[in-house]
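Here is how the chains run, residue by residue.
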Amino acid sequence: QVRLVESGGGLVQAGGSLRLSCAASGRTISNYAIGWFRQAPGKEREFVAALSSGADSTYYTDSVKGRFTISRDNAKNTVYLQMNFMKPEDTAVYYCAASPWSSGLTSAGQYYDWGQGTQVTVFS
């Protein structure tokens, strides 16, 4: 089991940027694929981005392509989600999750360990 802790959420004006962090403990993060999901009020949790364990493949939902970037720092055992040109519709609680698998990474069912989430609010 890997313990994940998200941080970096907050309040940002539309067009601005935030960087979320997902710090892992208990296991080496590079042994897992890491995904970011988000859940807005009254909506189901949705996939945002994922990074394969080898860091050679990235996946993004269409609405964030070109604006969000997922990356990893092995020395810090941390995965990041850089969010630029943010929009009000990006407002949600953002979760990171770890998967031992290399496929199906856009599906929440592939992830076994989840963080507690961090709130992101984008105002216009």
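For clarity, every value in this text was computed on a predicted model and none was experimentally measured. Residues take numbers from 1 onward in each chain, read along the sequence in its written order. Reporting of local features is limited, given that this is a predicted model, to residues whose pLDDT is at least 70; pairs of side-chain atoms are given and counted only at 80 or more, and all residues count toward the totals for whole chains, interfaces and linings. Think of the side-chain values as coming from all heavy atoms in the structure, minus any hydrogens and water.

Chemist: In this structure, what is going on with the packing of aromatic side chains? I would like to understand it.
Modeler: Side-chain rings of Phe, Tyr and Trp (the six-membered ring for Trp) are treated as a pair once their centres are within 6.5 Å; stacked means planes under 30 degrees apart, edge-to-face means over 60, and tilted covers the remaining angles. Enumeration over the complete set of coordinates arrives at 5 aromatic pairs. Residues F37 and W114 carry aromatic rings whose centres are separated by 5.1 Å and whose planes lie at 55° to one another, so their mutual orientation is tilted. One end of the pair, F37, is in strand β4 (residues 33-39); the other, W114, is in strand β10 (residues 113-114), with 77 residues separating them in the sequence. When accessible area is computed with a 1.4 Å probe and restricted to protein chains, residues below 20% of their type maximum are described as buried, those above 50% as exposed, and intermediate ones as partly exposed. Look at W114 and you get partly exposed, because its relative accessible area is 27%. Through pairs of rings, three or more aromatic residues link up here, namely F37, F47, Y111 and W114. A cation sits over an aromatic face here: R45 above W114, 4.7 Å from the ring centre. Helix numbers and strand numbers start at the N terminus; a helix is a DSSP run of H or I with at least 4 residues, a strand a run of E with at least 2. In this scheme, the term charge over a ring applies when either NZ of a lysine or CZ of an arginine sits within 6 Å of the ring centre and within 35 degrees of the ring normal.

Chemist: What is the right way to look at the sheet that holds strand β1 (residues 3-7) in this model?
Modeler: Within a sheet, neighbouring strands are paired by backbone hydrogen bonds and run either parallel or antiparallel to one another. One requirement defines pairing of two strands: DSSP has to find at least two bridges between them. Spatially, β1-β3-β8-β7 is the arrangement adopted by the 4 strands of the open sheet, whose pairing is antiparallel. Two strands in the sheet have a free side with no partner beyond their single neighbour: β1 and β7 (68-73). Each strand of the sheet is rotated relative to its neighbour by a mean of 20°, with strand direction disregarded. Taken together, the 6 bridges between strand β3 (residues 18-25) and strand β8 (residues 78-83) define a ladder with antiparallel strand orientation. Counterpart to A23 in the pairing with β8 is T78. In this analysis an axis means a line fitted to C-alpha atoms, helices contributing only their contacting stretch, and an angle means the value between N-to-C directions, from 0 to 180 degrees.

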